[in-house]
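What the coordinates show
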Amino acid sequence: MTYDELYQHIIHYITQPLDDNRKTCLILGSFMEFIMDCDDAGIDVNKIDLTYFVGEKLDELEAK
């Protein structure tokens, strides 16, 4: 799962008409799947840094 795919999963869950606890569990599950995919791909999960990606998404939102 890529950063963009993780982002889309989270957006999908946030927009669902579910209670906040259920949404939180679904989002955590998506993040866990992302971490497992990275680990399977040989990426050191301790070195994952979403800072640039989050900044990029915030810049996109501010431009709208």
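Relevant structure appears above.
Residues numbered from 1 in each chain as written. Predicted model: local features only at pLDDT ≥ 70, side-chain atom pairs only at ≥ 80, totals over all residues. Heavy atoms only, no water.

Describing a nonpolar patch on the surface
On the surface, Val54, Leu58 and Leu61 cluster together into a nonpolar patch covering about 260 Å² of accessible area. Inspection of the secondary structure assignment puts Val54 in helix H3 (residues 51-63). (Patch = residues over 30% accessible without salt bridge, like charges linked within 9 Å, V, L, I, M, F, W, Y side chains within 5 Å. Areas by Shrake-Rupley, 256 points an atom, 1.4 Å probe, with all protein chains shown as cover. Salt bridge = Lys/Arg side-chain N within 4 Å of Asp/Glu carboxyl O. Helix = DSSP H or I, 4+ residues; strand = E, 2+ residues; numbered from the N terminus.)

Quick look at the packing of helix H1 (residues 3-14) against helix H2 (residues 20-40)
For the pair H1 and H2, interaxial distance at closest approach is 9 Å and the crossing angle is 170°. Accordingly, the angle class assigned to the pair H1 and H2 is roughly antiparallel. Only Lys23, Leu26, Ile27, Ser30, Phe31 and Phe34 of H2 make contact with H1, whose side of the interface consists of Tyr3, Leu6, His9, Ile10, Tyr13 and Ile14. (Axes fitted to C-alpha atoms, helices over the stretch in contact; angles between N-to-C directions. Parallel < 35°, antiparallel > 145°, perpendicular 65-115°, else oblique. Contact = heavy atoms within 4.5 Å.)

Considerations on the layout of surface pockets
If you add up the space inside the largest pocket, you get close to 170 Å³. Together, Tyr3, Leu6, Tyr7, Ile10, Phe31, Leu50, Phe53, Val54, Lys57, Leu58 and Leu61 line the largest pocket. Going through the elements one at a time, H1 and H3 are the ones with two or more residues in the lining of the largest pocket. Ranked by residue count, the leading element in the lining of the largest pocket is H3, at five residues. In the lining of the largest pocket, the residues fall into 10 nonpolar, no polar and one charged. (1 Å grid on protein atoms, 1.4 Å probe; cavity = no way out; pocket = protein on both sides within 12 Å on 5 of 7 lines; lining within 4 Å. Points joined across faces, edges and corners; volume = space filled by probe spheres on them. Nonpolar A, V, L, I, M, F, W, Y, C, P; charged D, E, K, R; others polar.)

Considerations on the packing of H1 against H3
Their axes nearest at 11 Å, the elements H1 and H3 cross at an angle of 60°. The angle between the axes of H1 and H3 places the two elements in the oblique class. In the crossing of H1 with H3, the sense of the turn from one axis to the other is right-handed. Mapping the contact onto sequence places Tyr3, Asp4 and Tyr7 in H1 and Phe53, Lys57 and Leu61 in H3. (Left-handed = near helix turned anticlockwise from the far one by under 90°.)

Everything listed is a geometric property; what it means functionally is a separate question.
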